[in-house]
Structure formats: C-alpha cells, structure tokens
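Working through the structure, step by step
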Amino acid sequence: MTVDSAPDRIHQPPALLAVDLAKSFGETSAVREATFEVTRGEIVALLGPSGCGKSTTLRMIAGFERPDRGQVQINGETAVGPGIWRPPERRRVGMVQQDFALFPHLSVAENVAFGLADGHRAWWTRPWRRFRQSPPPERVSEMLELVGLREFGERYPHELSGGEAQRVALARALAPQPAAVLLDEPFSNLDQNLRASLRLAMRRILKAADTAAVFVTHHREEALSLADRVAVMREGRIEQIGAPDDIYYRPETRFIGSFVGDANILPATSFRHGAETELGFVILLNPSEGEDGRPLDVLLRPEQLALKNAEEDDAEAARVINSEYYGHDQVVRVRLPSGLQVETRLRTESVWQPDDPVQVVVLDDAIGFAR
C-alpha cells in the first residue's frame, strides 16, 4: 500500500461483512447471530471445537448454504439479505476446500486457469483432448510465482506433495482477484511436521495477495500464529473476536480461556484491583469482575508462573508431581498445599524431580471470572 492510497482504504467498506447470520438444520441450531467483518489484507480465523458452526458460517458466506436470516456484504454490496441472493459464482469469493479439490485430469497451470474468466479458460480447450496453442495466461504465471510453484505448471495433482497441492488450490482461488478468500481447515490433510512452515508460507502468500481472508480451524496454534484477528466460536455463537494476544491473555469467558491455551484456574476472592489466591495476591486485568470479598476464579497461563526452591520442612511448600522436557522448555506440574494442581512452563536451566519442594511465583497479571 502506498502512502497516497492509505486514506482511500480507510474509507472503504469492509471487504467482507457478516451480520447476524443464523442457520439451523432441522431442530439443530448450527449458527446463531454470527457477526464479524474482515478488511482488505486482513486474515481472520474462525476458531472453535468441532460442531460449533465454523464451516457452516464459511459456507453461508461462500453461497453454498442459504442462511435462515442475516446478511453478507462483499465490498459494500449485499450478496445475501432480505430478498437478495447471489449465487456463489457472482460473489467474488474464492474458496479452498479441505481436500483442495484439484481436477486430477488438468495440469497445475490448467487448474489455476480454471479459476479465471471463461476467456482465459479457453487457453485449454477441451479437458478430454488437451492441447495448447499459446503460453498460459499471464495471471496463471503470476499466481504460480506467488505461491512458489513457477516451475510446476506442467505437473499434475498426483505428482504434488500435500503442501504443493494446497498452494495450487490457493493460487486457483486467488487467480480471479476475489474480494475475499475462504479456507476451510486448510492444514487438516497435511503432515504435522509440515504445518508450521506451511502456516508461514500461507500467511506470506495471503499478505502478498492483499485480499481479505477467513480460515476455519479447531487448532489454536494455527489460529494464533496465522491470523491478524481470531473469532472464537462456541455452540454457533462468536464469543469473542480480537487480536491473538488479547484472545490468549484476555479471554472474556472461561471457555475461551481454556480452549485457546493451557490454563490454570485458581479459586480466589476479589480485593481492590486484584484477588487473593493460594499463590498470594494477583493483579487482575479485568478488576470489574467482582466487588471486594466476592468469590472469583482466576486464570493464569503456565508461562505466567515460575518455581523457586523451598526448604524440605516448609509446610507451605508445594511439591513437584512430574515434568516433561522439550529441549527449549519444560512443563512442570505441581501440587499446592491445598491439593490443587497447577502447570508451569519453564526454561530448562533447572531440572525438577518428583516430590521436590518448591514455591510457585506469579509473574504476571491475571484474568478473573465471577462465579
């Protein structure tokens, strides 16, 4: 984006706007009042457990499902609303399916060209009688360059790895320059060892394309590492939407706190701008959750706790239960004097053994939830 174009973009409507989307299948309510927007160049993740309505929301935006109510606007134009229904091919929305849905009888370049207008698709005439009279359209070459597959145009889907097939599917979705691209569990069919590097590649490609993107996932690491904002869904509703660090460190509900990361939940009593816990006084990031003296539950992430050595005969000492060593860090589980167990994530300079006496130290502010 140039400096001159920045003010223009500020006044543009969202690339994608969903308002109060709802969908039921028989007696089952799949989506309830889903509302969110995505600006051009932004990546938003729909995160939640299986069956929470993520994919149904995506399919309503794409036009594969008709909502019972609600609206979808794309670049300020209504695609779904009272008396309005635009079919999928008229929505300027690209879609990447879980299985990538590449045509096995078409080459990589032809698969990408399929996403373009009919005039470009005329480059390959009949799928069952394949021949070329000219080089592939320039847009096809641009897309293959964008996804790092410039030399792969002549290959066929069965000759690709899972990660390569994913990038071809993304190139095909981006080729027509859609207002938004939708990705349904884009990493679900990929090997676990490839996911981290492919997430970085996916983010780079989407940012370079400068289009709005929405992707569905039930993996918190994928959502937090890839998205600019995360919308956490539960039972068909969006419970919170915000930047990854806000979702992680400032969850608005217990469910979000536990779902987006490992969490220690401690009983507490509210006091001034904090709470008294078994680990001592902690400052709350949301002190309005309770008046003084009211019971609370306090959430602390494992990395917000540290351990110190304690004397063997210290009656107030906690005890190490076990530890798991990961090289870059270790997870140490500890039993507090009350019997409550907490989990800490620590660096590996010190090695902790079962039954070691320790003192648990709170390093950071916490989040409180009223009971």
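Values in this document were obtained by computation on a predicted structure and should not be read as measured data. (Residues numbered from 1 in each chain as written. Predicted model: local features only at pLDDT ≥ 70, side-chain atom pairs only at ≥ 80, totals over all residues. Heavy atoms only, no water.)

**Notes on helix H5 (residues 138-146)**
Within H5, the full set of buried residues consists of Arg 139, Val 140, Met 143, Leu 144 and Leu 146. Down the axis of H5, the buried set is contained in an arc of 160 degrees. They therefore lie on one face. Those residues of H5 hidden inside the fold are in contact with helix H3 (108-114), helix H6 (162-174) and helix H7 (192-209). Looking one or two residues beyond H5, the residue adopting positive phi is Gly 148, at roughly 75 degrees. (Buried < 20%, exposed > 50% of the residue type's maximum accessible area, 1.4 Å probe, protein only. Helix = DSSP H or I, 4+ residues; strand = E, 2+ residues; numbered from the N terminus. Arc of directions from axis to C-beta. Contact = heavy atoms within 4.5 Å.)

**A word on the nonpolar core**
Core analysis: the largest hydrophobic core is formed by 48 residues, its most contacted members being Leu 170, Val 181 and Leu 183. Here this core takes seven residues from H6, the largest share from any one element. Beyond its immediate chain neighbours, meaning those up to four positions away, Val 181 contacts Gly 94, Val 96, Leu 170, Ala 173, Leu 174, Leu 206, Thr 211, Ala 212, Ala 213 and Val 214. Counting residues in hydrophobic clusters, the runner-up holds 28 residues, among them Phe 36, Leu 46, Leu 58 and Met 95. (Core = buried A, V, L, I, M, F, W, Y, C linked by side-chain atoms within 4.5 Å.)

**Observations regarding the pairing of strand E20 (residues 357-362)**
Bridge count for strand E16 (residues 305-309) against E20 is five bridges, and the pairing is antiparallel. Pairing of Ala 306 across the sheet is with Val 361, part of E20. When strand E17 (residues 318-325) meets E20, the two strands line up antiparallel, connected through two bridges. Across the sheet, residue Arg 319 finds its bridge partner in E20, namely Pro 357. (Pairing = 2+ DSSP bridges.)

**Regarding the pairing of E17**
Where E17 and strand E18 (residues 330-335) come together, six bridges link them in antiparallel fashion. For Ser 323, the partnering residue across the bridge sits in E18 and is Val 332. What sits between E17 and E18 in their antiparallel hairpin is a turn of four residues, with Gly 327 showing a positive phi close to 90 degrees.

**What about the packing of aromatic side chains?**
With the rule as written, the count across this model stands at four aromatic pairs. Where Tyr 248 meets Tyr 249, the ring centres are 4.7 Å apart and the plane angle is 85 degrees; that geometry is what we call edge-to-face. A relative accessible area of 32% places Tyr 249 in the partly exposed class. On the basis of an interplanar angle of 85 degrees and a centroid distance of 6.3 Å, the ring pair of Phe 271 and Phe 281 is categorised as edge-to-face. Of this pair, Phe 271 sits in strand E12 (residues 264-271) while Phe 281 sits in strand E14 (residues 280-283), and the two are ten residues apart along the sequence. Classification of Phe 271 by relative accessible area gives partly exposed; the value is 36%. Over the aromatic face of Trp 85 sits the side chain of Arg 91, whose NZ or CZ is 4.5 Å from the ring centroid. Here the basic side chain of Arg 301 rests over the ring of Tyr 248, its NZ or CZ set 4.3 Å away from the ring centre. (Phe/Tyr/Trp six-rings, centres within 6.5 Å; stacked < 30°, edge-to-face > 60°. Lys NZ or Arg CZ within 6 Å of the ring centre and 35° of its normal.)

**Examining a negative patch on the surface**
Together, Glu 278, Glu 311, Asp 313, Asp 314 and Glu 316 make up a region of like negative charge exposed at the surface. Note on Glu 311: relative accessible area 58%, which makes it exposed. (Patch = residues over 30% accessible without salt bridge, like charges linked within 9 Å, V, L, I, M, F, W, Y side chains within 5 Å. Areas by Shrake-Rupley, 256 points an atom, 1.4 Å probe, with all protein chains shown as cover. Salt bridge = Lys/Arg side-chain N within 4 Å of Asp/Glu carboxyl O. Lys, Arg positive; Asp, Glu negative; His and termini not counted. Charge placed at Lys NZ, Arg CZ, Asp CG, Glu CD.)

**Side note on the sheet that holds E12**
Across the sheet, which stays open at both edges, the five strands sit in the order E14-E13-E12-E15-E21 with antiparallel pairing between neighbours. One side of each edge strand has no neighbouring strand; the edge strands of this open sheet are E14 and strand E21 (367-370). Put simply, the sheet's adjacent strands are angled 40 degrees from each other on average, direction ignored. Looking at chain direction, E12 and strand E15 (residues 295-300) are connected through six bridges and run antiparallel. Among the inter-strand pairings, Thr 269 is bridged to a residue of E15, identified as Pro 295. (Axes fitted to C-alpha atoms, helices over the stretch in contact; angles between N-to-C directions.)

**A word on the confidence of the model for the chain**
Confidence along the chain averages 89 in pLDDT terms, with 91% of residues attaining 70 or more. Per-element confidence in the chain ranges from a low mean pLDDT of 46 for helix H4 (residues 118-121) to a high of 98 for strand E10 (residues 229-234). Long-range and interchain partners of residues 1-6, a stretch whose pLDDT sits below 50, account for two contacts in this model, where long-range means more than four residues apart. This model gives residues 119-134 a pLDDT under 50, and the stretch forms 29 contacts once residues within four places in sequence are excluded. (pLDDT = per-residue confidence, 0-100.)

**As for the layout of surface pockets**
By volume, the largest pocket is sized at about 640 Å³. Taken together, 23 residues make up the lining of the largest pocket; nearest its centre are Val 93, Gly 94, Met 95, Gly 115 and Pro 176. Within the residue set of the lining of the largest pocket, elements represented by two or more residues are strand E7 (93-96) and H6. Tallying contributions element by element places E7 first for the lining of the largest pocket, with three residues. (1 Å grid on protein atoms, 1.4 Å probe; cavity = no way out; pocket = protein on both sides within 12 Å on 5 of 7 lines; lining within 4 Å. Points joined across faces, edges and corners; volume = space filled by probe spheres on them.)

**As for the side chain of Asn 264**
Here Asn 264 is to be found in strand E12. Within the structure, the side chain of Asn 264 is placed 2.8 Å from the backbone nitrogen of Glu 343, a separation counted as a polar contact. Asn 264 has contacts with Val 298, Leu 299, Leu 300, Arg 301, Pro 302, Leu 305, Val 342 and Glu 343, leaving out every residue within four places of it along the chain. (Polar contact = N/O pair within 3.5 Å; in protein donor to acceptor, adjacent residues only side chain to side chain.)

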